Every structure is written in structure tokens, then in C-alpha cells.
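Spelled out from the first residue to the last, the chains are:
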Amino acid sequence: GEHIKAITEAPAPSDAPTLRSFLGLTSWYAKFVDNYATLVEPMRECLRNDTFHWTEAAQLSFEKVKSGIVNSAALTVFDPSLPTMVSTDASDYGLGAVLTQVHADGTEKTVAFASRTLSTAERKYSVVEKEALACVWVVEKWRTFLWGTRFTLRTDHQALTTLLATKGLGRAGVHNHTADGLSRLPLPLNAKAEDITEPDMVALLETDMQALSVSDFDAAMVKAYFAVRDELSVQDVKVFRGPHRLIVPVALRYQLVTLAHETHQGVVRTKQRLRDLYWWPGMDSCVEDFISTCTTCRSHDKTARTYPAPLQPVPLPDGPWQKVGIDVVGPFEMATWDCRYAVTLTDYYTKWPEVAFMPTVTTAAVTAFMTSIFSRFGNPTEI
């Protein structure tokens, strides 16, 4: 599952420090894994040599230990009523985190693991920035668990405790084995917008597009770019429309619409969120198609379900002029200007009608109509 992918897909250690970090991670779960000491012995053997050499036995041991952890009693289902701990760590090339909860018997059990590789730009961050990035990243990743609840955020960088909330705790890396190990064995980073380009489009833009004619473009998609060619520019490997609207690659459009519609606001607001910073041909249609298939929106859309008003039978009065009904009809498009509306009054018992035509319906006009009728027939018991 998603919550244990950081363990199940962790790459094999490539050097002694990374292996030590992994063993530190797994030692925290030793009491939950049968024959832990025997399982890790081939990996420990790699640390006893002067030069690091990863053997087939060590690889087999590595896989068995990972399997033992994810299938052990150390993993549990998230319970909002229990104290929640989020431990984070950052290495020179990765981020790691573990979500745990303290149970009634005092044991701290794991709910989820997470790790990822730092991008090229992120690797240039200072240590404190990397540690802060780990905190922000994992809280956003696990927002479905943490939103609206109190939790303790643990980091091995003491300086961050003054920047974080009152429940930010410092824990040295030597005591923060799980997050430290995951940060040194990170999962590959998913491609981001800045890592994906459309080479053909960039190549066209880097030439003199003003000298090209629409016949030079074969694909219908590229013709859409031609229509706004005066607004396009290239900055590094990114293409912009206007000063700041990034043109989103095809591979990322669905993901971007999903994020823009994360709070399930309507079509108009979702489009507005995207239009402020992004553009691509047919963006409005993409948003409309996406929201039309959004299960959450459809289940809460009151306009999608129309119910006829229930019929209310009216009991017949005992005599005339006990109950009357008043209504306004119009406007009549083909009528003269002074007869565009009609105010009607009907007696429920005799069905006697009274009608008055007027150019507009105002309180004064309706009052005058009713006064005229009541002066002739008297006041009814009920209107």
C-alpha cells in the first residue's frame, strides 16, 4: 500500500553509512520481527570488511527484513483518539518520515512510512532548510491523518523547535532511527513540472515563430499555440504565456486539475485558480470534464436532483367568500404596455374570478386591487 511503500520499495544500501542507517531503522522494529538477529547477520557481515561489498546473501537478508517489518504487529490502523507522532529527517539526498501512535499499553506503533529523493535544487538547501522541508512535505502528505488533530512533530534538528509549534520536539538522528534511515534510502522523486518539457514546442518557440505561417504546423494542438504566439516566451526550459502563466505539459494536466479541485469548489472557481498561474489549450474543457465526473461533487450537487413540489390538497370551505386565492400572472409579451401583468383573485367555494391588468406589479397596485374587491364583497375569512 501507499503507507508502506517507503519500506517495500526502498533501494538496497550502496555504502556502509547507508547500511548502518537501514539497520538503525530496522532495529527499532526488532521486537516485532521473528529471528531479527539472524535475518540481519548477512548485512552486518558487509560492515565487518574493510571495503563495502553488497552480497547476494545481504540482498536476500535486506528483502526478508523489509517483508518482516511490513507484515509485523508493529503496523496498525490510524486511530484519531490516540496520541500521534510524526518523526522526520533529511539527509543530503532524501527525506524520510514515519507516522506513529502511542497505544494504551505504552507501545508506539507505526501507521505509515514515507520517503522521497531531493530534487537537484533542493539538494542545495542548507541543513535547516532541508529539515524544515521534510516537516512541511510530510505534514502535507499525511494531511488526511493530521488535519484537525493535535500531533507531535519530531525532528533531529534542534534549531527547528523554535520555528515550529509548541509540540515540535527535537530528537537526535542517532535516536531517530526510522526517519533517518528512510531519508538515506529515499524513493525516487516523481517527475515535477520543472523536470518535464515539450522539446518540440520549445524548439519551435526558440526559432522565430513570427516568420512561420499556420500551414507550417500539422498538429491541431500546435495550431492552438500558434493562435497565441505573440504571448509565448521561453524561460530556461519552461514555456510561458504572458509574464507568468506556465504552459503545463500534457503529462501533468490531470494532476494539476485534481489539485486545483481538491476542495471541491465549483467549475468557475477551479478555472480561476488555474488561470491565475497556468494555461494550456482546452483548459476550460478539461476542468469541466473533470468536475462532471467528480464523485464527491455529484453526490453533493443539489442542482443535479430536482424534486417536484408535493401537491397540497385544499379543503373546500363551508361557504362563499371564506377563503380566496391571489396570484400574479405575466408578463405577457404580446400585450399592450398597460396589460403586461394580471393580478387574479379566485373564491375557493364558488370559483368566482376577479382580474385586474397593470403595466407593472407593485405593492400599491395590488393593494388598490384588493381594496376595490373587498369594498364590494367584504373581507374574506382567509387569503
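Residues numbered from 1 in each chain as written. Predicted model: local features only at pLDDT ≥ 70, side-chain atom pairs only at ≥ 80, totals over all residues. Heavy atoms only, no water.

J.: Even after reading the chapter, I still don't get the confidence of the model for the protein, so can you show me in this structure?
T.: Low pLDDT marks stretches whose predicted atomic positions should not be read closely. Summing up the model confidence of the protein, the mean pLDDT is 75 and the portion of residues at 70 or higher is 75%. Confidence, read as mean pLDDT per element, is least for helix α8 (residues 199–206) in the protein (42) and greatest for strand β11 (residues 341–347) (88). (pLDDT = per-residue confidence, 0-100. Helix = DSSP H or I, 4+ residues; strand = E, 2+ residues; numbered from the N terminus.)

J.: In this structure, what is going on with the pattern of salt bridges? I would like to understand it.
T.: Charged atoms that come close allow side chains of opposite charge to pair. Within this structure, the stated rule accounts for 9 salt bridges. For the salt bridge of Glu41 with Arg48, the shortest nitrogen-to-oxygen distance reads 2.7 Å. Its relative accessible area of 33% is what places Glu41 among the partly exposed residues. A relative accessible area of 48% places Arg48 in the partly exposed class. Salt bridges linked by common partners bring Glu41, Glu45 and Arg48 together as one network. (Salt bridge = Lys/Arg side-chain N within 4 Å of Asp/Glu carboxyl O. Buried < 20%, exposed > 50% of the residue type's maximum accessible area, 1.4 Å probe, protein only.)

J.: How should the packing of helix α11 (residues 267–275) against helix α12 (residues 283–292) be read in this particular structure?
T.: For any two helices packed against each other, one specifies the crossing angle of their axes together with the interaxial distance. Relative to each other, α11 and α12 sit at 140 degrees, their axes nearing to 10 Å. With respect to their mutual orientation, α11 and α12 come out oblique. The two elements α11 and α12 meet at a crossing, and its hand is right-handed. Within the contact between the two elements, α11 uses Val267, Thr270, Lys271, Leu274 and Arg275 and α12 uses Met283, Asp284, Val287, Glu288 and Ile291. For the contact of α11 with α12, the class distribution of residues is 5 nonpolar, 1 polar and 4 charged. (Axes fitted to C-alpha atoms, helices over the stretch in contact; angles between N-to-C directions. Parallel < 35°, antiparallel > 145°, perpendicular 65-115°, else oblique. Left-handed = near helix turned anticlockwise from the far one by under 90°. Contact = heavy atoms within 4.5 Å. Nonpolar A, V, L, I, M, F, W, Y, C, P; charged D, E, K, R; others polar.)

J.: Would you mind going over the sheet that holds strand β10 (residues 324–329) with me for this structure?
T.: The strand order across the open sheet formed by 3 strands is β10-β11-β12, and the pairing between neighbours is antiparallel. On the outer flanks of this sheet lie β10 and β12 (353–358), each paired with one strand and no other. Neighbouring strand axes in the sheet, compared pairwise and without regard to direction, differ in orientation by 15 degrees on average. Alignment of β10 against β11, held across 6 bridges, turns out to be antiparallel. Across the sheet, the residue bridging to Asp327 is Thr344, located in β11. Across the sheet, helix α14 (residues 363–377) is in contact with β10, β11 and β12; its angle to β12 comes to roughly 150 degrees. (Pairing = 2+ DSSP bridges.)

J.: Please explain the packing of aromatic side chains as it appears in this structure.
T.: Given two aromatic rings, one states the distance between the centres and the angle between the planes to describe the pair. Inspection of every chain in the model, using the stated rule, returns 6 aromatic pairs. For the ring pair Phe52 and Trp54, a centre distance of 6.2 Å and an interplane angle of 20 degrees mean the geometry is stacked. When the ring of Trp321 is compared with that of Phe377, the centres are 5.1 Å apart and the planes differ by 45 degrees; the resulting orientation is tilted. With Trp321 in the loop between α13 (295–300) and β10 and Phe377 in helix α14, this pair connects stretches of sequence that are 56 residues apart. Judged by its relative accessible area of 13%, Trp321 falls in the buried class. Three or more aromatic residues joined by ring pairs make a cluster, and in this case those are Phe52, Trp54 and Phe62. The aromatic ring of Trp279 is capped on one face by Arg241, whose charged end is 4.8 Å from the ring centroid. Above the ring of Tyr348, the side-chain terminus of Lys323 is found at 5.2 Å from the ring centroid. (Phe/Tyr/Trp six-rings, centres within 6.5 Å; stacked < 30°, edge-to-face > 60°. Lys NZ or Arg CZ within 6 Å of the ring centre and 35° of its normal.)

J.: Looking at this structure, how should I read helix α10 (residues 250–260)?
T.: Owing to its 3.6 residues per turn, the α-helix brings residues three or four apart onto one side. When α10 is considered as a whole, its buried residues turn out to be Leu252, Arg253, Leu256, Val257 and Ala260. Each buried residue of α10 lies within a common arc of 140 degrees when the element is viewed along its axis, so the set occupies one face. When the buried face of α10 is taken as reference, the exposed residues oriented beyond 90 degrees from it are Ala251 and Tyr254. (Arc of directions from axis to C-beta.)

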